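Spelled out from the first residue to the last, the chains are:
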Amino acid sequence: MKCGIKFCGGCNPRYDRGAACREIKKTLENDNIEFMNATEEEVFDNLLVIGGCSACCASHSQYTVNDEIFKMWEKDHINKIVELLRRKS
């Protein structure tokens, strides 16, 4: 599975978004998931939007996603995201 990652602009982050992303990747390193920065040229199976606050306002309509778009905006979402992505892999 190819999963694109889109970060918000970071205007009001309430947690370390990069650390959260690294934790998700590390937890899923033995699953069949290829993580990559979202680009408009790629087609993704799923997209993970990592917002820094509850607005989670990062745009993502410009990306082509075949299945689901997952959004997180706080560190407490890490386990839920891992569970959802694991089900898709």
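Residues numbered from 1 in each chain as written. Predicted model: local features only at pLDDT ≥ 70, side-chain atom pairs only at ≥ 80, totals over all residues. Heavy atoms only, no water.

**Student:** Any chance you could explain the side chain of Asn46 here in plain terms?
**Tutor:** When you line up the elements, Asn46 lands in strand E4 (residues 46-50). On the accessibility criterion, Asn46 (1% relative accessible area) is buried. In this structure Asn46 touches Met1, Lys2, Cys3, Gly4, Val65, Asp67, Glu68, Phe70 and Lys88, once residues within four positions along its chain are discounted. (Helix = DSSP H or I, 4+ residues; strand = E, 2+ residues; numbered from the N terminus. Buried < 20%, exposed > 50% of the residue type's maximum accessible area, 1.4 Å probe, protein only. Contact = heavy atoms within 4.5 Å.)

**Student:** What is the right way to look at the pattern of salt bridges in this model?
**Tutor:** When the charged atoms of two side chains lie near each other, side chains of opposite charge can form a pair. Inspection of the entire model under this criterion finds six salt bridges. Residue Asp31 is joined to Arg86 by a salt bridge in which the shortest nitrogen-to-oxygen separation is 3.2 Å. You can see Asp31 sitting in the loop between helix H1 (17-27) and strand E2 (34-37) and its partner Arg86 sitting in helix H2 (residues 78-88), a full 55 residues away along the chain. Close ionic contact of Asp67 with Lys88 constitutes a salt bridge, the shortest N to O distance being 3.1 Å. Of this pair, Asp67 sits in the loop between strand E5 (64-65) and strand E6 (69-72) while Lys88 is found in helix H2, placing the two residues 21 residues apart along the sequence. (Salt bridge = Lys/Arg side-chain N within 4 Å of Asp/Glu carboxyl O.)

**Student:** Would you take a moment to explain the environment of Gly10 for this structure?
**Tutor:** Relative to the helices and strands, Gly10 resides in the loop between strand E1 (2-7) and H1. Sequence separation between Gly10 and Ala58 is 48 residues; the distance between their C-alpha atoms is 9.4 Å.

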